[in-house]
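Structure assessment
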Amino acid sequence: MRKLNPAVFVLACILVTGNACADDFTDGVSYYEQGDFTSALASFKAAADKGNADAQFNLGLMFLNGEGVQQDYRQALNWFEQAASKGNVRAQVNIGRMYAKGKGMLSNHGIAASWFKKAADQGYADAQYSLGILYVTGTGVGRDYNKARDLFQQAANQSNASAQYQLGLLYLKGRGVTENLVEAYKWLSLAGDYEDSEVFRKYVAAKMSKEAVSEAQALAKDWKSEKAAE
């Protein structure tokens, strides 16, 4: 399946491929995969008009990205809001991203934070990460490293690499946590090749003893094993 860029504050997400409102919705997914965006748009619209939240979300994405239709942020926001009102976490996050980037409206990080929180409270890792970033930077909310730590921890526990990276940085800098190089190295290791994880791992390792590095590597390995066993 073709994926749209899911980076934080980048206004796109992966097309939802559920099976509700089977005929119209699944037809829309099939058309989209074939690159027939005009037909996909029509099928998603039919399912969206029947109240299918996943179809409403997908329709919002297509208006957002101008696929099968002229790009229209107002229409994208309209469909995202309809899906979000039904608890669709992806729609809630994308509304937050639209407000954060000022797409179709003036940028408003306070409103963005409120939408991220709706999805974060449902346990959605991308929203937890996005809200955590706002708490780190103090954008739209008061700077609060403790809240950022809690949010990054929740997302990191779901194998969200971006949150694992940020959690590692918090442990490195002692923000919201007691400085702990072993924990910093562990989380930066779990983040893999996300952004500058490798650079920071080397930086942290240079400040640690060989025994401490080995301990951190063992902790990361154990975490992966426990996650795989779940």
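Whatever comes next refers back to the structure up there.
First things first, this report covers the structure right here in the doc.

About the thresholds
Residues numbered from 1 in each chain as written. Predicted model: local features only at pLDDT ≥ 70, side-chain atom pairs only at ≥ 80, totals over all residues. Heavy atoms only, no water. Helix = DSSP H or I, 4+ residues; strand = E, 2+ residues; numbered from the N terminus. Buried < 20%, exposed > 50% of the residue type's maximum accessible area, 1.4 Å probe, protein only. Contact = heavy atoms within 4.5 Å. Areas by Shrake-Rupley, 256 points an atom, 1.4 Å probe, with all protein chains shown as cover. Lys, Arg positive; Asp, Glu negative; His and termini not counted. Charge placed at Lys NZ, Arg CZ, Asp CG, Glu CD. Axes fitted to C-alpha atoms, helices over the stretch in contact; angles between N-to-C directions. Left-handed = near helix turned anticlockwise from the far one by under 90°. Nonpolar A, V, L, I, M, F, W, Y, C, P; charged D, E, K, R; others polar. Core = buried A, V, L, I, M, F, W, Y, C linked by side-chain atoms within 4.5 Å. Expected span 1.5 Å × (residues − 1). Salt bridge = Lys/Arg side-chain N within 4 Å of Asp/Glu carboxyl O. Phe/Tyr/Trp six-rings, centres within 6.5 Å; stacked < 30°, edge-to-face > 60°. Lys NZ or Arg CZ within 6 Å of the ring centre and 35° of its normal. Polar contact = N/O pair within 3.5 Å; in protein donor to acceptor, adjacent residues only side chain to side chain. Parallel < 35°, antiparallel > 145°, perpendicular 65-115°, else oblique. Arc of directions from axis to C-beta.

**Looking at the overall build of the protein**
Within the protein, the regular secondary structure consists of twelve helices and zero strands. Viewed in the frame of its principal axes, the protein has a C-alpha envelope of about 60 × 35 × 25 Å. The proportion of buried residues among the 230 residues of the protein is 47%. The long-range share in the protein, meaning contacts at least 24 apart out of those at least 6 apart in sequence, stands at 50%. As displayed, the protein offers around 10900 Å² of accessible surface, 46% of which is attributable to carbon and sulfur atoms. Here the protein contributes 25 positive and 25 negative side-chain charges, whose respective centroids are spaced 6 Å apart.

**Quick word on the packing of helix 4 (residues 73-84) against helix 5 (residues 89-101)**
Describing two packed helices takes the angle between their axes plus the distance from one axis to the other. Two elements in contact, helix 4 and helix 5, have axes whose closest approach is 8 Å; the angle formed by their N-to-C orientations is 145°. The two elements helix 4 and helix 5 cross, and the hand of that crossing is left-handed. Counted together, Y73, A76, L77, F80, E81, A83 and A84 of helix 4 and A91, Q92, N94, I95, M98 and Y99 of helix 5 form the full contact between these two elements. Here the contact of helix 4 with helix 5 is built from residues that sort into ten nonpolar, two polar and one charged.

**Quick word on the nonpolar core**
Among the nonpolar cores identified, the biggest contains 74 residues, and F44, F80, F152 and M208 are the most heavily contacted of them. Each residue touching F152, except ones within four places of it in the same chain, is listed here: Y129, G132, I133, V136, A163, Q166, L167 and L170.

**Quick look at helix 2 (residues 37-49)**
Taking 1.5 Å per residue, 13 residues should reach 18 Å; helix 2 reaches 18 Å between its end C-alpha atoms and fits that length. Taken residue by residue, helix 2 has A40, L41, S43, F44, A47 and A48 as its buried positions. Looking at the residues trailing helix 2, positive phi occurs at G51, about 95°.

**Description of the pattern of salt bridges**
When their charged atoms lie close together, side chains carrying opposite charge are able to pair. Going through the model one piece at a time under the given rule, you end up with seven salt bridges. Ionic pairing is found between D150 and R149, a salt bridge with its closest N-O pair at 2.9 Å. In this structure, E230 engages K227 in a salt bridge whose closest nitrogen and oxygen atoms are separated by 3.4 Å.

**Comments concerning the packing of aromatic side chains**
For the structure on display, the rule yields seven aromatic pairs. Pairing F57 with F80 gives two aromatic rings, centres 5.7 Å apart and planes at 40°, and the pair type is tilted. One end of the pair, F57, is in helix 3 (residues 53-65); the other, F80, is in helix 4, and 23 residues separate them in sequence. F57 gets classed as buried once you look at its relative accessible area, which sits at 0%. Considering the side-chain rings of Y165 and F200, the 6.3 Å spacing of their centres and the 65° angle between planes classify their relative orientation as edge-to-face. With Y165 in helix 9 (residues 161-173) and F200 in helix 11 (residues 197-205), this pair connects stretches of sequence that are 35 residues apart. The exposure class assigned to Y165 is buried, which follows from its relative accessible area of 4%. Every member of this aromatic cluster is reached through a ring pair, and the members are Y165, Y194 and F200. Just above the ring of W115 sits the side chain of K118; from NZ or CZ to the centre is 5.4 Å.

**Here we look at the environment of Y32**
With respect to the helices and strands, the residue Y32 is situated in helix 1 (residues 22-33). Only 3.1 Å separates the side chain of Y32 from the side chain of E67, close enough to count as a polar contact.

**Regarding the packing of helix 3 against helix 5**
With their axes 10 Å apart at the nearest point, helix 3 and helix 5 run at an angle of 30° to one another. On the basis of their axis angle, the class for helix 3 and helix 5 is roughly parallel. Seen from above, helix 3 lies across helix 5 with left-handed handedness. Within the contact between the two elements, helix 3 uses F57, L61 and L64 and helix 5 uses R90, A91, N94 and M98.

**Let's talk about helix 12 (residues 210-229)**
Across its 20 residues, helix 12 extends 29 Å between first and last C-alpha, which sits within 8% of the 28 Å expected from 1.5 Å per residue. When we look at burial in helix 12, the residues that qualify are A212, V213, A216, A220 and W223. Down the axis of helix 12, the sector holding all buried residues measures 105°, keeping them to one side. Turned more than 90 degrees off the buried face of helix 12, the exposed positions are K210, E211, K221, E226, A228 and A229.

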